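Structural description and commentary
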Amino acid sequence: MIVPGLAAQLPAAHTQHRQAEQEIAALLEALPLFHLLTSLPGMGVRTTAAVIVAIGDGTAFPTAGHLASYSGLAPTTKSSGTSIRGEHAPHRGNRLLKRALFQAAFAAIGCKTDLSSRIYYDRQRAHGNTHTQAVLRLARQRVNVIHAMIHNGAFCQPPSLDLAA
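Attention now moves to the overall build of the protein. Scanning the protein from N- to C-terminus turns up seven helices and two strands. Across the 165 residues in the protein, those meeting the buried criterion constitute 32%. Once local pairs closer than 6 in sequence are excluded, the contacts in the protein between residues at least 24 apart make up 62%.

Here we take up the packing of helix H3 (residues 45–55) against helix H5 (residues 95–109). Remark: H3 packs on H5, axes separated minimally by 9 Å, with the N-to-C direction vectors making an angle of 150°. The hand of the H3/H5 crossing is left-handed. From H3, Thr-47, Ala-50, Val-51, Val-53, Ala-54 and Ile-55 reach across to H5, where they touch Leu-96, Leu-97, Ala-100, Leu-101 and Ala-104. Of the residues belonging to the contact of H3 with H5, the class tally is ten nonpolar, one polar and no charged.

Under the counting rule described, the total for this entry stands at one aromatic pair. Ring centres of Phe-61 and Tyr-70 lie 5.3 Å apart, and the angle between their planes is 45°; on these two criteria the pair is classed as tilted.

As for its position among the elements, Asp-114 is in the loop between H5 and helix H6 (115–126). Here Asp-114 sits buried without a salt bridge, and the closest side chain of opposite charge, Arg-142, lies 4.3 Å off (N-O distance). Polar side-chain contacts of Asp-114 include one of 2.5 Å to the side chain of Ser-116. For Asp-114, the side chain forms a polar contact with the side chain of Ser-117, separated by 2.8 Å.

The next point concerns the environment of Ser-117. Structurally, Ser-117 is set in helix H6. We classify Ser-117 as buried; its relative accessible area is 5%. Taking the C-alpha atoms as reference points, Ser-117 and Phe-106, eleven residues apart in sequence, are found 9.1 Å from one another. Ignoring any residue separated from it by four or fewer positions in sequence, one finds Ser-117 in contact with Ala-108, Ile-109, Leu-138 and Arg-142.

The next point concerns H6. With twelve residues, H6 should reach 16 Å at 1.5 Å per residue; the first-to-last C-alpha distance of 16 Å fits that figure. Burial in H6 covers these residues: Ser-117, Tyr-120, Tyr-121 and Gln-124. Along the axis of H6, the buried positions cluster into a sector of 100°, meaning they face one direction only. In this structure, the buried residues of H6 make contact with H5 and helix H7 (131–152).

Reading the values: the criteria
- Residues numbered from 1 in each chain as written.
- Predicted model: local features only at pLDDT ≥ 70, side-chain atom pairs only at ≥ 80, totals over all residues.
- Heavy atoms only, no water.
- Helix = DSSP H or I, 4+ residues; strand = E, 2+ residues; numbered from the N terminus.
- Buried < 20%, exposed > 50% of the residue type's maximum accessible area, 1.4 Å probe, protein only.
- Contact = heavy atoms within 4.5 Å.
- Axes fitted to C-alpha atoms, helices over the stretch in contact; angles between N-to-C directions.
- Left-handed = near helix turned anticlockwise from the far one by under 90°.
- Nonpolar A, V, L, I, M, F, W, Y, C, P; charged D, E, K, R; others polar.
- Phe/Tyr/Trp six-rings, centres within 6.5 Å; stacked < 30°, edge-to-face > 60°.
- Lys, Arg positive; Asp, Glu negative; His and termini not counted.
- Salt bridge = Lys/Arg side-chain N within 4 Å of Asp/Glu carboxyl O.
- Polar contact = N/O pair within 3.5 Å; in protein donor to acceptor, adjacent residues only side chain to side chain.
- Expected span 1.5 Å × (residues − 1).
- Arc of directions from axis to C-beta.

Put into structure tokens, the structure is as follows:
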């Protein structure tokens, strides 16, 4: 049941929401890191904004492993006494960042301009990984790329695949 007074306020709320999105987009456009990260296939405006909020300028992470650990994408090993169990996904890490990187990796699988992500995903599936495991592994691999892009200041240029050869 819709309250009559509330229904009249809905268009104004949508207008405010659109204005806030435009202001946030303008602020993001001023950041050099924003343009750097959006050059990576699968990284949209919202995903990039979430990554920037989580990692700042990215210089606090000396290695890609540190960034992966912070995001919760670095596999951990369970050990107790003499028992050592295989690697698994950790339950720690920045959930916002992990979700954003997962979504970006998922989007990159279907990206027509970057076939390398799809090839990596298909290879992981062929090794017996589930869909979620394969996307998480792709997200972890892309952390290496993001870290290198931040520290080198270089835009992402997906490798050109020569399918005729």
